[in-house]
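Chain by chain, the residues run as shown.
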Amino acid sequence: MTPSQGALQVNLQAVALHCERDDRELFSELSLSVSSGDLLQLAGPNGAGKTTLLRLLAGLNRDYSGDLLWHGQPLYDNYPDYARQRLYLGHLSAVKKALTPLENLRWLTAQDAPDTERLYQALEQAGLLGYEDTPCQHLSAGQQRRVALARLLASHCPLWILDEPFTALDKAGVSWLEGLMQQKVAEGGAVIITSHHALEGIPGLKQLELGGTS
Amino acid sequence: MSLVSATVRRDLLLAARNPGEWANPLMFFLMVAALFPLAVDPDPVFLGKIAGGVIWVAALLATLLSLDSLFRADVDDGSLEQWLASGESLFALTLGKALVHWCISGLPLTLMSPLLGLMLNLPGEAYTALILSLAVGTPVLSLLGAVGAALTASLRSGGLLLTLLILPLYVPVLIFAASAVYHAGIGMAYNGQVAMLGAMLALAVALTPFAAGAALKLNLSR
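All of these numbers come straight from a predicted model, not from anything done at the bench.

(A) Inspection of the environment of Asp81(A) at higher detail. Residues and elements named next belong to chain A. Structurally, the position occupied by Asp81 is in helix α2 (residues 79-85). Residue Asp81 is classed as partly exposed on the basis of its 13 C-beta neighbours within 10 Å. It is 9.8 Å that separates the C-alpha atoms of Asp81 and Trp70, two residues lying 11 residues apart in sequence.

Here's what the structure looks like:
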């Protein structure tokens, strides 16, 4: 719960991004900046390019023009460094159904290499205590989602990039995740998410509406 | 490097949970050797002559059978996306995947091969050559196969394409390995063939992970 306190942990800038998909312009001249204390929600109708923009910002898709800057340097100049400081969680959660939540979490957090006690703590906070040795195929969709989200607790990354993290979560899960994001932002981290869920009362909330018209 | 070792550990754990996945190619390997004498000719002298070739063809096809799923599950559930997101080198990751694949396919094939040699009346002098050629040759099959599996990872039915892509690359391995076993059986030196297999292995370790990594990146950057 106590990440190293740098001066400004997060400073991600996008300048004049332009992206096309199948000859259809998703966005152009898009500039944004995310720094410590920000919670950026990408909104817009289906097909507006939310996930595409998120993958661009995460450094997973280079099919764009414009500039992405991490602490003022082009993002791909030192990609491994950036990769260690941002946590990307996509639609696909990388949870293996044949493995237990504990085994899954150990792989998901391998780069941070937390000790087993910390993994148990994360599972407990995710409401999975008692299920840590049950293969994930016997868990519900919401519980599998919680396994994927438990890695947020065991990681030190200051920047979270989450694609539709509220999918399949129940009401308690939604408010738990909102609390986590709020805490991250308060600690000086930053969160970028796509969601149709109305986030309210979280300080630092910024919204970016992507248009869906071609 | 910790993600690589975690991946190796996770894949071995997955293999232990789903024994069917790796046991099927082994059964295939065993079946070929069991059915061959029934279908062709049970004459021990004849069988002894062709044993090395039959075992190697069966090992090659069994490896091919197990390759299709090498990366597909990881593409489907998002594990591969997390690899790319981790910023770790894809070289080490694909090398690790190929190593795990060899541990659950090539290694058991190598360990089982003396039994098949017995079933096919392999000449006594050829056992060392058989085990040696499989121990050096099957890692090459796994490494080359990883390139094909990476190229076809996001295709729904990439099995046929994978076979067409990879089989020509397997032919040199098959020729040198079968030749080593045959020459050992008739009492001739076979170290030249094994040296060639070793050279192929060195080349495959150095080059194929680059190709497989690039192919995976291509698959996911859309």
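(B) Spatial organisation of the sheet that holds strand β3 (residues 39-43) of chain A. Residue and element names in this part refer to chain A. As summarised here, the arrangement of the five strands in space is β6-β7-β8-β3-β9, forming an open sheet in which the pairing is parallel. Both outer strands of the open sheet, β6 (86-89) and β9 (205-209), are each paired with one neighbouring strand and no more. The average angle at which neighbouring strand axes cross in this sheet is 15°, direction not considered. As defined by bridge partners, β3 adjoins strand β8 (residues 190-194) across four bridges and the pair is classed as parallel. Following the sheet pairing, Gln41 is matched in β8 by Ile193.

(C) Here's a closer look at the interface of chain B and chain A. Listed as interface residues are 19 residues of chain B and, on the opposing side, 24 residues of chain A. Taken together, the elements giving at least two residues each to the side of chain B that touches chain A come down to α1 (2-17) and α5 (79-86) of chain B. Per-element accounting of the side of chain B that touches chain A gives the leading share, eight residues, to α1(B). Of the residues assigned to the side of chain B that touches chain A, the class counts are six nonpolar, nine polar and four charged.

(D) α1(B), seen in detail. Spanning 16 residues, α1(B) covers 22 Å between terminal C-alpha atoms, matching the ideal 22 Å at 1.5 Å per step. Among all positions in α1(B), only Leu3(B), Val4(B), Thr7(B), Arg10(B) and Asp11(B) are buried. The arc that holds every buried residue of α1(B), seen down its axis, measures 125°, which confines them to one face. Summarising the geometry of α1(B), the exposed residues directed more than 90 degrees from the buried face are Ser5(B) and Ala16(B). Against the buried residues of α1(B) lie α3 (101-108) of chain A together with α5 and α6 (90-104) of chain B.

(E) Summary view of the packing of helix α3 (residues 44-67) of chain B against helix α9 (residues 159-185) of chain B. All names here are of chain B. At a minimum axis distance of 9 Å, the contact between α3 and α9 shows a crossing angle of 155°. Considering their axes alone, α3 and α9 lie roughly antiparallel with respect to each other. You can see that α3 and α9 cross each other, and the crossing is right-handed. Listed contacts from α9 to Gly52, Gly53, Trp56, Leu60, Leu64 and Leu67 of α3 are Leu162, Thr163, Ile166, Tyr170, Leu174, Ala177, Ala178, Val181, Tyr182 and Gly185. Residue classes in the contact of α3 with α9 are distributed as 12 nonpolar, four polar and no charged.

(F) Focus on the sheet that holds strand β1 (residues 11-21) of chain A. All names here are of chain A. Spatial ordering of the open sheet is given by β2-β1-β4-β5, a layout of four strands whose pairing is antiparallel. Since the sheet does not close on itself, it has two edges, and those belong to β2 (24-35) and β5 (73-74), each with one partner. In the sheet, β1 pairs with β2 via eight bridges, with the strands oriented antiparallel. Bridging across to β2, Glu20 finds its partner in Glu25. Across the sheet, helix α1 (residues 50-58) lies against β1 and β2, angled at about 130° from β1, the strand it touches most.

(G) Main features of unusual backbone geometry. Residues and elements named next belong to chain A. The phi dihedral of Ala16 is positive, around 50°, even though this residue is not glycine. Inspection of the secondary structure puts Ala16 in strand β1. A count of 11 C-beta atoms within 10 Å places Ala16 in the exposed class. If you check the backbone angles, Asp22 has positive phi at about 50° while not being a glycine. Mapping Asp22 onto the fold places it in the loop between β1 and β2. Look at Asp22 and you get exposed, because 5 C-beta atoms sit within 10 Å.

(H) Quick peek at the confidence of the model for chain B. Residues and elements named next belong to chain B. Averaged over every residue, the pLDDT of chain B is 92; residues scoring 70 or more account for 99%. When the elements of chain B are averaged for pLDDT, helix α4 (residues 72-76) gives the smallest value, 89, and helix α8 (residues 127-151) the largest, 96. This prediction of the complex comes with two scores: 0.89 for pTM and 0.85 for ipTM.

(I) Spotlight on the packing of α9(B) against helix α10 (residues 191-220) of chain B. Residues and elements named next belong to chain B. Close contact between α9 and α10 brings their axes to 8 Å; oriented N to C, the two are set at 150°. The angle between α9 and α10 falls in the class roughly antiparallel. Handedness of the α9/α10 crossing: left-handed. Listed contacts from α10 to Pro172, Val173, Phe176, Ala177, Ser179 and Ala180 of α9 are Gln193, Val194, Met196, Leu197 and Met200.

Calculation criteria
Residues numbered from 1 in each chain as written. Chains lettered and ligands numbered in written order. Predicted model: local features only at pLDDT ≥ 70, side-chain atom pairs only at ≥ 80, totals over all residues. Helix = DSSP H or I, 4+ residues; strand = E, 2+ residues; numbered from the N terminus. Buried ≥ 20, exposed ≤ 12 C-beta atoms within 10 Å, placed from the backbone. Pairing = 2+ DSSP bridges. Axes fitted to C-alpha atoms, helices over the stretch in contact; angles between N-to-C directions. Contact = placed C-beta atoms within 7 Å. Nonpolar A, V, L, I, M, F, W, Y, C, P; charged D, E, K, R; others polar. Expected span 1.5 Å × (residues − 1). Arc of directions from axis to C-beta. Parallel < 35°, antiparallel > 145°, perpendicular 65-115°, else oblique. Left-handed = near helix turned anticlockwise from the far one by under 90°. pLDDT = per-residue confidence, 0-100.

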